[in-house]
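Report on the structure
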2 protein chains.
Amino acid sequence: MTKQICRKKLSASQEDYLEAIWMLIWKEGVARVRDIADWLGVSMPSVSGALKALAQRKLVEYSPHKYVSLSDRGMELAEKILARHKMLRKFLTDVLNLDEQLADGNACRIEHAVDEIVSQRLGYFVEFVAQNAGASQLAEEFKGFCRQQDPAKGDGPSGAKENGSLTLAEIKPGQKAKIVSINGSAARSQRLAKAGVRRDCVVRVIRMAPLGDPIEIEVDGSKLAVRKAEAIDIEVEKLE
Amino acid sequence: MTKQICRKKLSASQEDYLEAIWMLIWKEGVARVRDIADWLGVSMPSVSGALKALAQRKLVEYSPHKYVSLSDRGMELAEKILARHKMLRKFLTDVLNLDEQLADGNACRIEHAVDEIVSQRLGYFVEFVAQNAGASQLAEEFKGFCRQQDPAKGDGPSGAKENGSLTLAEIKPGQKAKIVSINGSAARSQRLAKAGVRRDCVVRVIRMAPLGDPIEIEVDGSKLAVRKAEAIDIEVEKLE
DNA sequence: ATTGCTTGGTAGGCATACCTAATAATAGTA
DNA sequence: TACTATTATTAGGTATGCCTACCAAGCAAT
Ligand SMILES: [Mn+2]
Ligand SMILES: [Mn+2]
Ligand SMILES: [Mn+2]
Ligand SMILES: [Mn+2]
């Protein structure tokens, strides 16, 4: 295998160097080692080292003691990561209504953790909230919702929705419930019935997997695991 | 300074070890080096090393060749990070409508990048969307919005909101605009007026900083930087 | 008890990403 | 031009977090 440019994904730190260089070129016209170091809060030797690695990947044009510039590819990547930063920042400030500085710091960390598709989809969401007339009033409603949550601190009566219909997925471990109805496909109902899960019978939730799926229940003295997708189609009535 | 337990924040990798141990204890009853290694996709020596570091911090109880268990503090941290993972996963699947597997992977990376407040606020948001009747229809609307975006690929007519009132912050670099009115404090209006930014005068946006702030404009042949906070209070009329 | 597989640990190495201290180059100023 | 302050590089060190290769303990079947 001959020597070739490494196409492996950039590290978080490398992405931040590109971002910083882009920013400094924008702001000051040129990027110098000193300014990159100050911007990122690292020492100058750290910058020298990072630049060598980036130069090897042909992302920056760099000869010692000269100004640093970005290659076309480097520019492209820098702009991509910066767009992500901006989008995340906007989400945190505009949708979650968070403080600018906090948003900025978090955005610059999350930007390295999200896949392209996720970034894109979240971008759509931010735009959607910004554009959609019905949605922008949502931002206001959400502020109210936060005020409700923040001072209360207790979990409050969040479990029981006003909805009226309670599903098996909402029963907490240890509690018993009587089955009111089983919705969904007939095949599924049949399968559940064979396992003892029928209308009017009483089940006890033993425990719930960490991500809420599956749910382990006891019915007629025997254990059974129910998928969350099934549980939300099983209407129940809580018993004490 | 005497020897004491390090209270520095855990590394991303350490958080993942705690998460894995918690999960395995939940699933299998016990956590063994072998299973932790398999779960996280690392070698057994890596696990041994990580466990030593976690034991030193009193987060796991660990004596060689015995099962691994979590201390109270370790349990607490594991549950905190797991809750974060779950919440992020729910956001990605339920709000952004992303694939479960993709959501899980991204959640497990983002979970180490968000501050407590951000995590909490995003949690509120997920709950808000889930509970709010008006908001849950938003999920449907958003799906439609995504379908619109995905195939189109072009930027679309995203700039001009139906709103009618256009502000200086929305003018793109290179374009000219006539100032209609300047809102906000009188002191600010005065300061801007002194710089040449007055009602009915024409400005040209030169460029916008990467994060949209500040905006560089040309007025009366001289350059001027305007903060975004100011720009959104300056109503304009776009000129060609 | 002996054997042999699985599990767990140690030793040693590599890559990344930082640091400080010392040295070299450059630029500004007398 | 010569001196000086600033900027940049090199050298050498630390901390993580991973790896492979090898060694040691545990356990089950013979
Ligand atoms: Mn960043
Ligand atoms: Mn960033
Ligand atoms: Mn994780
Ligand atoms: Mn996780």
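Note that this is a predicted model, so its numbers are computed, not measured. (Residues numbered from 1 in each chain as written. Chains lettered and ligands numbered in written order. Predicted model: local features only at pLDDT ≥ 70, side-chain atom pairs only at ≥ 80, totals over all residues. Heavy atoms only, no water.)

**A few points about the packing of helix 4 (residues 72–95) of chain A against helix 5 (residues 100–110) of chain A**
Residue and element names in this part refer to chain A. Relative orientation of the contacting elements helix 4 and helix 5 amounts to 135°, with a least axis distance of 8 Å. Between helix 4 and helix 5, the crossing angle belongs to the class labelled oblique. The handedness of the crossing between helix 4 and helix 5 comes out as right-handed. For the pair helix 4 and helix 5, the contacting residues are His85, Leu88, Arg89, Leu92 and Thr93 in the first and Glu100, Ala103, Asp104, Asn106, Ala107, Cys108 and Ile110 in the second. For the contact of helix 4 with helix 5, the class distribution of residues is six nonpolar, three polar and three charged. (Axes fitted to C-alpha atoms, helices over the stretch in contact; angles between N-to-C directions. Helix = DSSP H or I, 4+ residues; strand = E, 2+ residues; numbered from the N terminus. Parallel < 35°, antiparallel > 145°, perpendicular 65-115°, else oblique. Left-handed = near helix turned anticlockwise from the far one by under 90°. Contact = heavy atoms within 4.5 Å. Nonpolar A, V, L, I, M, F, W, Y, C, P; charged D, E, K, R; others polar.)

**Topic: the coordination of the manganese ion (ligand 1)**
Residue and element names in this part refer to chain A. Protein ligation of the manganese ion (ligand 1) involves Asp16 (OD), Cys108 (O), Cys108 (SG), Glu111 (OE) and His112 (NE2), the donor distances falling in the range 2.0 to 2.5 Å. Expressed as a motif, the donor residue spacing for the manganese ion (ligand 1) is D-x91-C-x2-E-H. The distance between the manganese ion (ligand 1) and the manganese ion (ligand 2) comes to 3.5 Å, with cysteine 108 serving as a donor to both metals. Here aspartate 16 is found in helix 1 (residues 12–28), whereas its partner histidine 112 is found in the loop between helix 5 and helix 6 (116–131), with 96 residues between them in sequence. (Donors = N, O, S within 2.8 Å, 3.2 Å for Na, K, Ca; no water.)

**Structural notes on the protein's contact with DNA strand C**
Close contacts around DNA strand C come from 19 residues, with Ser11(A), Ser46(A), Arg34(B), Ser48(B) and Tyr62(B) the closest. When atoms of DNA strand C within 4 Å of the protein are sorted by moiety, sugar and phosphate together comprise 80%. Within the contact set of DNA strand C, a phosphate oxygen lies 3.4 Å away from a side-chain nitrogen or oxygen of Tyr17(A). Within the contact set of DNA strand C, a phosphate oxygen lies 2.8 Å away from a side-chain nitrogen or oxygen of Ser43(A). In terms of residue count, the dominant contributor to the surface near DNA strand C is helix 3 (residues 44–56) of chain B (four residues). Its residues assigned to classes, the surface near DNA strand C shows eight nonpolar, eight polar and three charged. (Near = heavy atom within 4 Å. Polar contact = N/O pair within 3.5 Å; in protein donor to acceptor, adjacent residues only side chain to side chain.)

**Let's talk about the coordination of the manganese ion (ligand 4)**
Residue and element names in this part refer to chain B. Coordination of the manganese ion (ligand 4) by the protein is provided by Glu19 (OE), Glu19 (OE), His85 (ND1), Cys108 (SG), Glu111 (OE) and Glu111 (OE), with metal-donor distances spanning 2.1 to 2.4 Å. Relative to the metal, the six donor atoms surrounding the manganese ion (ligand 4) lie at angles of 54 to 146°, and the coordination shape comes out irregular. Here the donor residues of the manganese ion (ligand 4) are spaced in sequence according to E-x65-H-x22-C-x2-E. The two metals, the manganese ion (ligand 4) and the manganese ion (ligand 3), are separated by 3.5 Å and share cysteine 108 as a common coordinating residue. (Tetrahedral: all angles 85-135°; square planar, octahedral: opposite > 155°, others 65-115°.)

**Brief notes about the interface of chain A and chain B**
On the side of chain B, 48 residues touch chain A, which itself brings 50 residues to the contact. Interface of chain A and chain B: buried area, both sides summed, is about 4,800 Å²; carbon and sulfur atoms make up 67% of it. Linking chain A with chain B are two salt bridges, by the criterion used here. Two residues, Arg109(B) and Asp115(A), come together in a salt bridge whose shortest N-O distance is 3.5 Å. Counting across the interface, chain A meets chain B through ten residue pairs in polar contact (both at pLDDT 80 or more). Listed by contribution, the elements that provide at least two residues to the side of chain A that touches chain B are helix 1, helix 4, helix 5, helix 6, helix 7 (133–152) and strand 5 (202–208) of chain A. (Buried area = accessible area lost by both parts, 1.4 Å probe. Salt bridge = Lys/Arg side-chain N within 4 Å of Asp/Glu carboxyl O.)

**Some details on the relation of the copies chain A and chain B**
Relating one copy of the chain to the other requires a rotation about an axis plus a shift along that axis. Expressed as a screw operation, the relation of chain A to chain B combines 0.1 Å of axial shift with a rotation of 179°, fitting to an RMSD of 0.7 Å. What the rotation and shift describe, once combined, is the action of a two-fold rotation axis. No C-alpha of chain A approaches the rotation axis more nearly than that of Ile110(A), which lies at 2.9 Å. Mapped onto chain B, 96% of the interface residues of chain A are again interface residues, and the two copies thus contact each other with one and the same surface. (Least-squares fit on C-alpha atoms with pLDDT ≥ 70 in both.)

That's the geometry; what it means functionally is another story.
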